[in-house]
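If you want the building blocks of each chain, they are given just below.
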Amino acid sequence: MLNPFDTEERKAFRDVMANFVASEITPFADEWDEAGEIPWSLHQKVGALGAFGFGIEEQYGGLGFDDCFMRAAYSEELSKCGATGVGAALGGRTISIGPIQDLASEAIKQRCLADIVSGRAGSSLAITEPSGGSDVANLKTTARKDGGDYVLNGAKTFITGGMKSDYFVVGARTADAGLKGISLFFVDADTPGFSRTALPRKMGWWASDQASLYFDDCRVPAASMMGEENRGFLAIMNNFNYERLGMVAGMLGMMKVCFDEAVSWARERETFGAKLISHQVIRHKIADMSARIDMVEAYLNYICWQANAGPMPVAEISKAKFSASKALEFCASEAMQILGGAGYLRGNRVERMYREVKIQAIGGGSEEIMRDLAVRQMGF
Ligand SMILES: Cc1cc2nc3c(=O)[nH]c(=O)nc-3n(C[C@H](O)[C@H](O)[C@H](O)COP(=O)(O)OP(=O)(O)OC[C@H]3O[C@@H](n4cnc5c(N)ncnc54)[C@H](O)[C@@H]3O)c2cc1C
């Protein structure tokens with residue numbers, strides 16, 4: 001689709017990403033997904049492209065500028081490798097890097113940020129707990145002030161990249177009152193009292209790991225608090241917007257994979273003496289998929305334009321997230337139907353996309369929570 005907001009720089013960045021994905025990721029995506037991990041060198045290669053540096057100052061290894069179109073191009077092109085677990089394996093870092101720059105102490109940033117931005121070190125965002133992820137206001141991990149330290153106790157789960165990350169941004173309760181009692185902490189993985197275990201087999205995103213994290217009298221210096229005490233949730237809200245914008249772009253890439261696979265199969269496959277693509281029912285499916293792709297793409301471009309101009313269009317991002325996961329669900333299902341039995345086989349990109357739809361509808365704010373947020377933002 002023609003993007004009226006394209007510039008030479010944006011097109012160049014997208015081309016770099018697309019070529020990189022085609023040569024360095026797509027040929028290995030299947031193998032990495034089956035193996036359950038990506039090589040660490042991929043973090044560094046993607047870091048070298050500057051893809052982790054949006055909104056990060058140059059002194060910390062970042063690009064020194066931000067651009068939501070480029071952020072979106074990164075996520076969309078990455079998901080075109082056909083195994084979105086690869087993007088997830090890199091994504092623990094992308095959802096924690098912003099809060100580290102915006103909220104961590106200067107000493108922490110000097111010590112860690114350039115390593116994270118370059119891909120040498122890993123970081124994750126740890127909010128969800130065994131008792132729930134949607135109701136963040138009710139999180140139960142505690143951080144008790146003790147002299148010059150905070151002592152963390154509790155558990156997190158589903159933390160993407162958690163088995164390999166060196167650093168964690170952790171939400172913990174520092175006061176009783178709901179959202180206004182949550183603070184953020186920067187925790188090194190080698191802090192005594194911190195431990196982790198890998199989550200068992202998952203429906204999709206195999207190339208990435210998710211961990212449960214345990215804080216057992218885990219003592220961190222008071223300077224590890226990120227931002228102001230009891231203002232952690234408010235401080236991290238904007239970060240969720242970037243995460244969701246990236247997810248919408250990733251879903252757009254997934255829809256395009258489904259579409260391309262379905263069309264190329266329909267052009268080859270013959271039934272009842274004619275190519276599948278010549279049957280009207282199949283042609284309608286292709287039209288319906290294409291229309292949904294165009295709508296998500298146009299909406300995403302509008303959101304990127306608004307986000308660049310500021311402030312963040314929170315209602316639109318929330319609406320885009322649940323509409324994109326619904327559109328993706330449709331496209332994956334229709335593509336699978338067009339491929340017939342062939343689409344059901346492991347190793348087929350559509351088979352994987354079909355399994356990876358649900359995490360898009362649940363992670364980063366579920367469809368239900370996105371609808372609630374959108375309506376609240378609309379003032380009702
Ligand atoms: C593969 C994967 C990776 C993840 N990575 C991370 C990560 O890196 N960091 C992190 O912090 N978390 C991560 N998560 C957690 C994710 O953000 C949560 O799964 C999500 O927020 C939903 O929380 P929950 O699973 O606890 O569901 P719950 O909050 O228990 O909700 C269960 C269901 O009920 C619905 N629901 C809840 N409340 C309402 C309501 N009021 N009205 C209507 N419906 C409602 C929800 O939408 C959901 O469908 C990840 C999850 C997965 C599966």
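Model, not experiment: these values are computed from the prediction.

Quick look at the nonpolar core now. The biggest cluster of nonpolar side chains holds 49 residues, and the ones touching the most others in it are Ile-25, Tyr-74 and Val-86. Of the residues that make up this core, three or more belong to each of domain 1 (8-118) and domain 2 (123-231). Excluding its chain neighbours within four sequence positions, the residues that come into contact with Tyr-74 are Phe-13, Met-17, Val-46, Ala-51, Phe-52, Leu-90 and Thr-94. Counting 45 residues, the second-largest nonpolar core is a separate cluster that includes Leu-252, Met-254, Leu-276 and Ala-327.

The local shell around the ligand holds 16 residues, among which Thr-128, Gly-133, Ser-134, Ser-366 and Glu-368 are the closest. Contact between the ligand and Ile-127: an oxygen atom at 2.9 Å from a main-chain N or O atom of the residue. Residue Ser-134 places a side-chain N or O atom 2.7 Å away from an oxygen atom belonging to the ligand. Summarising the interface, the protein chains cover 63% of the accessible area of the ligand, which totals 960 Å² for the free molecule. Those elements that provide at least two residues to the shell around the ligand are β3 (149-160) and α10 (349-362). Here the shell around the ligand takes three residues from β3, the largest share from any one element. Of the residues assigned to the shell around the ligand, the class counts are seven nonpolar, eight polar and one charged. Structurally, the shell around the ligand is a two-domain feature, drawing no fewer than three residues from each of domain 2 (123-231) and domain 3 (234-377).

In this section: the packing of aromatic side chains. One pass over the structure, following the stated rule, counts 12 aromatic pairs. A centroid spacing of 6.5 Å and a plane angle of 75 degrees characterise the contact between Phe-52 and Tyr-74, whose relative ring orientation is edge-to-face. In this pair, Phe-52 is assigned in the loop between α2 (40-48) and α3 (68-79) and Tyr-74 in helix α3, connecting sequence segments 22 residues apart. One exposure class covers both Phe-52 and Tyr-74, and it is buried.

The buried fraction of strand β5 (residues 182-188) amounts to seven of the seven residues, a majority that puts the element mostly inside the structure. In β5, alternate side chains face the same way, and those of Ile-182, Leu-184, Phe-186 and Asp-188 on one face and Ser-183, Phe-185 and Val-187 on the other are all buried. Relative to β5, strand β4 (residues 167-173) runs antiparallel, the two being bridged by seven bridges. Bridge pairing links Arg-173 to Ile-182 in β5. As defined by bridge partners, β5 adjoins strand β8 (residues 225-226) across two bridges and the pair is classed as antiparallel. Bridge pairing links Phe-185 to Met-225 in β8.

Before going further, it helps to examine the side chain of Asp-33. Topologically, Asp-33 is positioned in helix α1 (residues 8-35). A distance of 2.7 Å separates polar atoms of two side chains, one belonging to Asp-33 and the other to Arg-352. Each residue touching Asp-33, except ones within four places of it in the same chain, is listed here: Ala-83, Trp-205, Trp-206, Ala-207, Arg-352 and Glu-356.

At a minimum axis separation of 10 Å, helix α7 (residues 232-268) and α10 run at an interaxial angle of 155 degrees. Judged by the angle between their axes, α7 and α10 are roughly antiparallel. Considering the relative orientation of α7 and α10, their crossing is left-handed. Residues Met-247, Met-251, Met-254, Val-257, Cys-258 and Glu-261 of α7 pack against Arg-349, Val-350, Met-353, Glu-356, Val-357, Ile-359 and Gln-360 of α10. Looking at the contact of α7 with α10 residue by residue, the class counts come to nine nonpolar, one polar and three charged.

Summarising the sheet, strand β2 (residues 142-146) and β3 pair through five bridges and their orientation is antiparallel. Counterpart to Arg-144 in the pairing with β3 is Val-151. As consecutive antiparallel partners, β2 and β3 are separated by two residues, and within that stretch Gly-147 has a phi angle of approximately 60 degrees, a positive value.

This next bit is on the domain arrangement of the chain. In terms of domains, the chain is made up of domain 1 (8-118), domain 2 (123-231) and domain 3 (234-377). Each of domain 1 and domain 3 has a C-alpha centre, and these two points are 21 Å apart. Contact with domain 1, which involves 24 residues of that partner, is made by 27 residues of domain 3. The contact between domain 1 and domain 3 buries some 2000 Å² in all, and 54% of this surface belongs to carbon and sulfur atoms.

Calculation criteria
- Residues numbered from 1 in each chain as written.
- Predicted model: local features only at pLDDT ≥ 70, side-chain atom pairs only at ≥ 80, totals over all residues.
- Heavy atoms only, no water.
- Core = buried A, V, L, I, M, F, W, Y, C linked by side-chain atoms within 4.5 Å.
- Buried < 20%, exposed > 50% of the residue type's maximum accessible area, 1.4 Å probe, protein only.
- Domains from an automatic or database assignment.
- Contact = heavy atoms within 4.5 Å.
- Near = heavy atom within 4 Å.
- Polar contact = N/O pair within 3.5 Å; in protein donor to acceptor, adjacent residues only side chain to side chain.
- Areas by Shrake-Rupley, 256 points an atom, 1.4 Å probe, with all protein chains shown as cover.
- Helix = DSSP H or I, 4+ residues; strand = E, 2+ residues; numbered from the N terminus.
- Nonpolar A, V, L, I, M, F, W, Y, C, P; charged D, E, K, R; others polar.
- Phe/Tyr/Trp six-rings, centres within 6.5 Å; stacked < 30°, edge-to-face > 60°.
- Pairing = 2+ DSSP bridges.
- Axes fitted to C-alpha atoms, helices over the stretch in contact; angles between N-to-C directions.
- Parallel < 35°, antiparallel > 145°, perpendicular 65-115°, else oblique.
- Left-handed = near helix turned anticlockwise from the far one by under 90°.
- Buried area = accessible area lost by both parts, 1.4 Å probe.

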